[in-house]
Amino acid sequence: MDLITTTADLAAACSRLAKHPVITVDTEFLRETTYYPLLCVVQMASAEEAVVIDTLAEGIDLKPFFELMGNEGVLKVFHAARQDIEIIWHQAGIIPHPVFDTQVAAMVLGYGDSIAYDALVEKVTGHRPDKTHRFTDWSRRPLTKEQMHYAVSDVTHLRDVFAALDADLKKRRRSEWVSIEMEVLTSPRTYDFHPERAWERLKTRVRKPKDLAVLMEVAAWREQEAQSRDVPRGRVLRDEAVTDIATHAPTTLEKLAHLRSVPKGFEKSKWGADIIAAVERGLARDFSKLPKLEKPRNNSNGAAIVELLKVLLRMTAERHAVASKVIATVDDLEEIAADDEADVPALRGWRRELFGDAALKLKRGELALAIEKGRVIGVQRA
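Here the structure is a predicted model, which is why all the values come from computation and not from measurement. Starting afresh in each chain, residues are numbered from 1 along the sequence in its written order. Where totals are concerned, whole chains, interfaces and linings use all residues; where local detail is concerned, this predicted model gives features only for residues with pLDDT of at least 70, and gives and counts side-chain atom pairs only at 80 or more. Side-chain metrics in this entry use all non-hydrogen atoms of the structure; hydrogen atoms and water are not considered.

(A) Fine view of the packing of aromatic side chains. Pairs were defined over the aromatic rings of Phe, Tyr and Trp, the Trp ring being its six-membered one, requiring ring centres within 6.5 Å. Orientation was assigned from the angle between planes: stacked under 30 degrees, edge-to-face over 60, tilted for the rest. In this structure the tally under the stated criterion is five aromatic pairs. The interplanar angle of 80° and the centroid separation of 4.7 Å between the aromatic rings of Y35 and Y36 together place this pair among those described as edge-to-face. A simple rule labels every residue: compare its accessible area, found with a 1.4 Å probe on the protein chains alone, to the largest value its type can have, and call it buried under 20%, exposed over 50%, or partly exposed in between. On the basis of relative accessibility, which here comes to 6%, the residue Y35 falls in the buried class. Ring geometry for F65 and F66: centres 5.5 Å apart, planes at 50°, overall tilted. Judged by its relative accessible area of 11%, F66 falls in the buried class. Either the NZ atom of lysine or the CZ atom of arginine qualifies as a charge over a ring when it sits within 6 Å of the ring centre and within 35 degrees of the ring normal. Cation over ring: R233 sits above F193, and NZ or CZ is 6.0 Å from the ring centre.

Structure below.
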């Protein structure tokens, strides 16, 4: 197979692919040492051909590829699409649409939580993909024949996986479930990495307005620093350190140095003063205008309720052959345990029909769980 290295060849290939209602797409990239992923290779396939694009080729303009990604008449099929879409969004300001994510579809069809591509291919087609080049350096040139074969097989196997999953979704009347998930996947907000929202990505729950204010400022500073230096967030400051700084709010370099999570000598660098400035901006904020903090839950039985909801969730997932993760998360269960009107996906749409209503009945004592012949079942109570 010839590698596409010129804009003219890319435009011709995209023109051919645009004539098909469905194409499969995958990307190879590097981001271990950078904030922004480096797009190295794009591979695509229609029912008739497969192409591999050298996105690092000198002088190549990827505009035809980006236009194809935005073509509303062509369904773009990915597996675990979020990072692929993020790359396209960053480089071209375009979110591919319409899209179909085989990993999401597989979850809806009961293949497990976030199943890997090679495992899904093997389950659906019986073919065991070659994993040799999964972690290869795709930025090195020239690309080898083995790398080319790997890239092509990714999108050709994906054709078969899509066909099988799509047919099963239609048979089980779950296509709409996947469509709803694709709305989230293709929302610009999903890829909004503005520094002022960086604190939302942190897996921490601050309880005091002061802590939240400082967290927002320090997280925003780290995001800006990572973007400007094009390095991973953790290279600037680890999540643990950001959280510690928010909690302790050091206002001097000496106090900053006393935090164990902050790298030794960090306070002496130019970034030490930046951190102190961020802390001071946080402390100067109007706390009344901050996002509302989650209130501590006073229900002494909350943990027990969550455990019962987990049992119900697993029972529901097994009965309907749907991955539990796509129905509800642990955070969802905790919200439901605390509030019957919780604003969580599990209490909306198909998830509510499948699980949410039963979860609320369990809370109200209208549904009980029992074991019958070694299986958990739900028992309606009068």
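(B) Examining a nonpolar patch on the surface more closely. Nonpolar side chains (Val, Leu, Ile, Met, Phe, Trp, Tyr) are joined into patches within 5 Å and like charges within 9 Å, using only residues with over 30% relative accessible area and no salt bridge. Values of accessible area rely on a 1.4 Å probe in the Shrake-Rupley scheme; residue burial ignores everything except the protein chains shown. For this document, the term salt bridge refers to a Lys or Arg side-chain nitrogen within 4 Å of an Asp or Glu carboxyl oxygen. A grouping of V311, I371 and V376 is seen on the molecular surface, where their side chains present a nonpolar patch of about 260 Å² in accessible area. Labels follow the DSSP assignment, with helices taken as runs of H or I lasting at least four residues and strands as runs of E lasting at least two, numbered in each case from the N terminus. By the element assignment, I371 lies in strand β6 (residues 367–372).

(C) Seen up close, the domain arrangement of the protein chain. Either an automatic procedure or a domain database provided the assignment from which the domain bounds are taken. When its domains are assigned, the protein chain resolves into domain 1 (7–190), domain 2 (196–284) and domain 3 (301–380). Taken together, the 12 residues of domain 1 in the interface contact 10 residues of domain 3. Buried surface at the junction of domain 1 and domain 3, summed over both partners, amounts to about 890 Å²; 59% is from carbon and sulfur atoms. By definition, the buried area sums, over both parts, the 1.4 Å-probe accessible area that each loses when the two are put together. Sorting the residues of domain 1 by area buried against domain 3 places M107, D113 and W177 first, and these three jointly supply 49% of that buried surface. The tally of links between domain 1 and domain 3 comes to one salt bridge. The term polar contact refers here to a pair of N or O atoms within 3.5 Å; inside protein, the definition further demands a hydrogen-donor-capable atom paired with an acceptor-capable atom, and it admits residues adjacent in sequence only when both atoms are side-chain atoms. Taken together, the connections running from domain 1 to domain 3 amount to nine residue pairs in polar contact (both at pLDDT 80 or more). Of all elements in the fold, only α4 (102–108) and α7 (175–185) reach the threshold of two or more residues within the side of domain 1 that touches domain 3. Any two residues whose heavy atoms approach within 4.5 Å at even a single point are treated as in contact.

(D) Here's a closer look at the environment of V262. Mapped onto the fold, V262 is located in the loop between α11 (253–257) and α12 (270–283). Residue class for V262 comes out buried when judged on its relative accessible area of 7%. The sequence separation of V262 and E146 amounts to 116 residues, and the corresponding C-alpha distance is 44 Å.

(E) Fine view of the UniProt feature "domain: HRDC" (unreviewed entry) in the protein chain. Those residues carrying the UniProt feature "domain: HRDC" (unreviewed entry) are residues 208–289 in this numbering. In residues 208–289, helix accounts for 66% and strand for 0%; the two terminal C-alpha atoms are 13 Å from one another. UniProt positions are given in the numbering used here, feature names are shortened, and annotations may be inferred rather than shown by experiment.

(F) Looking closely at the pairing of strand β2 (residues 38–45). Among the eight residues in β2, seven count as buried, and that is most of the element. For two strands to be treated as a pair, DSSP must find at least two bridges joining them. As judged from the five bridges shared by β2 and strand β3 (residues 50–54), these two strands associate in the antiparallel manner. Looking at the pairing, Q43 lines up with V52 of β3. In this structure, the hairpin formed by β2 and β3 is closed by a connection of four residues.

(G) The arrangement of unusual backbone geometry in detail. Here the residue pair H97 and P98 is connected by a cis peptide bond, since its omega of -5° sits within 30 degrees of zero. Here P98 lies in the loop between α3 (82–92) and β5 (99–101). Look at the link from R141 to P142: it is a cis peptide, with omega at 5°. Located in the positive-phi region is S114, a residue other than glycine, with phi close to 50°.

(H) How the structure looks around α7. Those residues of α7 that sit buried are W177, V178, E181, M182 and L185. Here the buried residues of α7 occupy an arc of 140° about the axis, which is enough to place them on one side. Among the exposed residues of α7, those oriented more than 90 degrees off its buried face are E176 and E183. At its buried positions, α7 is contacted by α3, β5, α4, α6 (145–171) and α16 (349–364). This arc is built from the directions going out from the helix axis to the C-beta atoms.

(I) Molecular detail of the pattern of salt bridges. According to the stated counting rule, one finds 23 salt bridges in the structure shown. A salt bridge links E86 to R31; the nearest nitrogen and oxygen atoms lie 3.1 Å apart. Within this pair, whereas E86 is found in helix α3, its partner R31 is found in the loop between β1 (22–30) and β2, the two being separated by 55 residues in sequence. By relative accessible area, R31 is classed as partly exposed at 25%.

(J) The sheet that holds β3, seen in detail. The five strands lie next to each other as β3-β2-β1-β4-β5, forming an open sheet whose pairing is mixed. Two strands lie at the open edges of the sheet, namely β3 and β5, each paired on one side alone. Taking each pair of neighbouring strands and ignoring which way they run, the sheet shows an average axis angle of 25°. In this analysis an axis means a line fitted to C-alpha atoms, helices contributing only their contacting stretch, and an angle means the value between N-to-C directions, from 0 to 180 degrees. Contacts between α6 and the sheet are confined to β1, β2, β3, β4 (75–78) and β5, with β1 contributing the most and set at about 135° to the helix.

(K) The packing of helix α8 (residues 209–229) against helix α10 (residues 239–248), seen in detail. Look at α8 against α10: their axes get within 8 Å of each other, and the N-to-C directions meet at 140°. As far as their axial angle goes, α10 and α8 are oblique. In the packing of α8 onto α10, the handedness of the crossing is right-handed. Contact with α8, carried on its side by K210, D211, V214, L215, V218, A219 and R222, involves D239, V242, I245, A246 and T247 of α10 and no other residues of that element. Gly counts as polar in this scheme, as do all residues outside two lists: the nonpolar Ala, Val, Leu, Ile, Met, Phe, Trp, Tyr, Cys and Pro, and the charged Asp, Glu, Lys and Arg. Here the residues of the contact of α8 with α10 are counted per class, giving seven nonpolar, one polar and four charged. The labels follow the angle: roughly parallel below 35 degrees, roughly antiparallel above 145, roughly perpendicular from 65 to 115, and oblique for the rest. Crossing handedness follows the turn of the near helix against the far one: under a right angle anticlockwise gives a left-handed crossing, and clockwise gives a right-handed one.

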